[in-house]
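Below, each chain spelled out in residue letters.
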Amino acid sequence: MWYVSTRGMAPRVDFEGALFSGYASDGGLFMPEELPQLDRETLCQWSTLSYPGLVKELCALFIGSELIPKDDLNDLIDRAFSRFHHREVVHLSRLRNGLNVLELWHGVTYAFKDLSLSCTAQFLQYFLEKKEKHVTVVVGTSGDTGSAAIESVQGAKNVDIIVLLPKGHCTKIQELQMTTVLKENVHVFGVEGNSDELDEPIKAVFADTVFAKKHNLMSLNSINWSRILVQMAHHFFAYFQCAPSLDTHPLPLVEVVVPTGAAGNLAAGYIAQKIGLPIRLVVAVNRNDIVHRTVQQGDFSLSEAVKSTLASAMDIQVPYNMERVFWLLSGSDSQVTRALMEQFERTQSLNLPKELHSKLSEAMTSESVSDEAITQTMGRCWDENQYLLCPHSAVAVNYHYQQMDRQQTSSTPRCCLAPASAAKFPEAVLAAGLTPETPVEIVALEHKETHCTPMRRGDSWTLMLRDTIEDLSRRWKGRVLNASQ
């Protein structure tokens, strides 16, 4: 299985190459050169698998046993999920009036990113240990990615991780989950800016390809193909849990509602659809509505500013994984994709060509949800089910309630993806007039020592980042030298 850049100007790579690269050298994102097609028989065989079982099958399809033999792959995935709080790893809650909520948040940091990052970290360490190599992972976070990335690699001897978090733009719990991990290989910076601003110094160090190569830099943001690959399993598991029966011809449809910011889960769902999973996608966003505008009007343009919302992890202006969707919609045409993305990067504004837009609106529908609708949805779900939703999950569930209230009941089952536990967002729970429920592990964070280096306005963030990376490389070389003496 080979991977090519969506922009077509970078050499093709295998899974290991895609894993360690993040962005391709031409600025594009890696995608499989050819997508396998799953037949009815395969889908029926997979329908009884557990969530980890589905991850194993999907990874085997896209990784190749010459890189990671099947037994090793299965062990890595079992290890990745060994610390999850729920024995099923992912759990479907069936609530009143046909509301199905797929809980993707039973990992250590109570967010869906634990699923893909725990696997990605295992793959990473597998290759690094084989080659006795070291990498420095650089991550920008709007909330959940940072803590899940830290959790997945903390204490690893071949990996250092640098996380930039937007000071004051995460919830207190999200911040504590990052700043209380006092491991030697974890380095956290608090940036005086929002999540789009803190991406700039990260882009700058990766754009210096000589520097990035010299210091073995890599990203674990949702651009990394490995994360998209694991996230495909969410959609398969949702489908098999909610499809009424696989005895019908054609197979029944299931509608999957995907709350999204950077569009990683959406890209994963669209790839799942392309390889044969009969799902209809609904994209749900907060007031940062670029994906919604793109689906509805073909308007892929930045707003004037990021809007702060209760669903803060989705307060993102640039949903970079849409590039993968555009590439697939264009029939894997890298010239078209490159022209579109270069125009967007130049002008921050793009109207999709008519044909591409009509394909996009055939592939998915969308909605944008206000803070008021988020709190109303959280309140209603509690009243009807005694079930607490996090604000991001409420963005998805809002669509379900809208369809119900319009009496648009259809025989198509619907599954709403729930990316985080309400326990991480007590402020939003209180805003909805409800009482937060906080697990003991989260309460304990309040009393732990923290460490976070400030990046202030007026500092050169890029220079600070480069200095830290160089220092970590020197330390690793020193350790290797000492070990060999």
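Looking at an unreviewed UniProt entry, one finds the protein named Threonine synthase-like 2 and attributed to Cebus imitator. Under the Cofactor (unreviewed entry) heading, UniProt states for the protein: "pyridoxal 5'-phosphate". Per UniProt, the protein has the following entry under Function (unreviewed entry): "Acts as a catabolic phospho-lyase on both gamma- and beta-phosphorylated substrates. Degrades O-phospho-threonine (PThr) to alpha-ketobutyrate, ammonia and phosphate."

*Asks:* I'd like to hear about the pairing of strand β10 (residues 279-285), residue by residue, with values.
*Replies:* Judged by how many residues are buried, β10 sits mostly within the fold: six of seven residues are covered. As defined by bridge partners, strand β9 (residues 254-259) adjoins β10 across six bridges and the pair is classed as parallel. Residue pairing for β10: V258 is matched across the bridge by V283. Taken together, β9, helix α11 (residues 264-274) and β10 constitute a β-α-β crossover, and its handedness is right-handed.

*Asks:* Talk me through empty space enclosed by the protein; I want residue IDs and the actual numbers.
*Replies:* Within this structure, the stated rule accounts for three cavities of 30 Å³ or more. Estimates place the volume of the largest cavity at around 360 Å³. Taken together, 29 residues form the lining of the largest cavity, with K113, T145, A262, A313 and I316 sitting closest to its centre. Here the lining of the largest cavity gets four residues from one element, more than from any other, and that element is helix α8 (residues 195-207). In the lining of the largest cavity, the residues fall into 11 nonpolar, 13 polar and five charged. Considered as a void within the structure, the second largest cavity measures approximately 110 Å³ in volume. Lining the second largest cavity, in full, are Y23, D199, I202, K203, F206, S219, N221, I223 and Y320.

*Asks:* Lay out unusual backbone geometry with the relevant residues and their values.
*Replies:* Between H249 and the following residue, P250, the backbone shows a cis peptide bond with an omega angle of -10°. One can find P250 in the loop between α10 (225-242) and β9. Phi at N97 takes a positive value of approximately 55°, unusual for a residue other than glycine. One non-glycine residue, Q348, lies in the positive phi region at around 55°. By the element assignment, Q348 lies in the loop between α14 (334-347) and α15 (354-363). Of the residues examined, Q348 reaches a relative accessible area of 44% and is grouped as partly exposed.

*Asks:* Summarise the nonpolar core; cite the residues concerned and give the values.
*Replies:* One broad rule of soluble globular proteins: the nonpolar side chains tend to lie buried together. Counting residues in each nonpolar core, the largest one holds 115 residues, and the members touching the most others are F15, Y51, F81, F123, W225, F236 and M364. Top element by residues in this core is α10. It accounts for 12 residues. Beyond its immediate chain neighbours, meaning those up to four positions away, W225 contacts Y3, F15, A18, F30, M31, P32, F62, M232, I271 and R324.

*Asks:* Summarise helix α17 (residues 391-405); cite the residues concerned and give the values.
*Replies:* Side chains three or four residues apart in an α-helix point the same way, a direct result of the helix having 3.6 residues per turn. The end-to-end C-alpha distance of α17, which contains 15 residues, comes to 20 Å, matching closely the 21 Å that a straight helix rising 1.5 Å per residue would cover. Along its length, α17 reaches its greatest deviation from straightness, about 25°, at V397. All of the buried residues in α17 are P391, H392, S393, A394, V395, A396, V397, N398, Y399, H400, Y401 and Q403. Taken from the residues just after α17, Q407 is the one with a positive phi, measuring 55°.

*Asks:* Account for the UniProt feature "domain: Tryptophan synthase beta chain-like PALP" (unreviewed entry) in the protein, naming residues and giving values.
*Replies:* UniProt annotation of "domain: Tryptophan synthase beta chain-like PALP" (unreviewed entry) refers to residues 106-398 when read in the numbering used here. With 51% helix and 14% strand, residues 106-398 has its two end C-alpha atoms placed 22 Å apart.

*Asks:* Residues and numbers for the pattern of salt bridges, please.
*Replies:* Per the stated rule, a full pass over the model turns up 19 salt bridges. A salt bridge links R466 to D208; the shortest N-O distance between them is 3.0 Å. With a gap of 258 residues between them, R466 in helix α20 (residues 461-484) and D208 in the loop between α8 and α9 (209-214) connect regions that are remote in the sequence. Given the relative accessible area of 27%, D208 is considered partly exposed. A salt bridge links E355 to K359; the shortest N-O distance between them is 3.7 Å.

Criteria and cut-off values
Each chain has its residues counted from 1, running along the sequence as written. For a predicted model such as this one, the threshold for reporting local features is a pLDDT of at least 70, and the threshold for listing and counting side-chain atom pairs is 80 or more; totals across whole chains, interfaces and linings nevertheless cover every residue. Hydrogens and water are ignored here; the side-chain numbers use all heavy atoms of the structure. UniProt positions are given in the numbering used here, feature names are shortened, and annotations may be inferred rather than shown by experiment. Accessibility here uses a 1.4 Å probe with only protein chains present; expressed as a share of the type maximum, an area under 20% marks a residue as buried, one over 50% as exposed, and anything in between as partly exposed. The helix count covers DSSP runs of H or I at least four residues long, the strand count covers runs of E at least two residues long, and both are numbered beginning at the N terminus. We call two strands paired when DSSP finds no fewer than two bridges between them. Every crossover in which the path from the first strand over the helix to the second runs clockwise, viewed with the strands pointing away from the viewer, is termed right-handed. Using protein atoms alone on a 1 Å grid, points that fit a 1.4 Å probe yet trap it form a cavity, whereas open point sets bounded by protein on both sides within 12 Å along at least five of seven lines form a pocket; residues with an atom within 4 Å of a point count as lining. Grid points are joined across faces, edges and corners, and a volume is the space filled by probe spheres set on the points. Nonpolar residues are Ala, Val, Leu, Ile, Met, Phe, Trp, Tyr, Cys and Pro. Charged residues are Asp, Glu, Lys and Arg, and all others, Gly as well, are polar. Remark: nonpolar core denotes a set of buried residues (Ala, Val, Leu, Ile, Met, Phe, Trp, Tyr, Cys) joined through side-chain atoms within 4.5 Å. Note on definitions: a residue-residue contact is assigned when non-hydrogen atoms from the two residues lie within 4.5 Å. In a helix, the anticipated span is given by 1.5 Å times the number of residues less one. Each residue is assigned a bend, namely the angle between axes fitted to the seven residues that terminate at it and the seven residues that start at it. We count a salt bridge whenever a side-chain nitrogen from Lys or Arg sits within 4 Å of a carboxyl oxygen from Asp or Glu.

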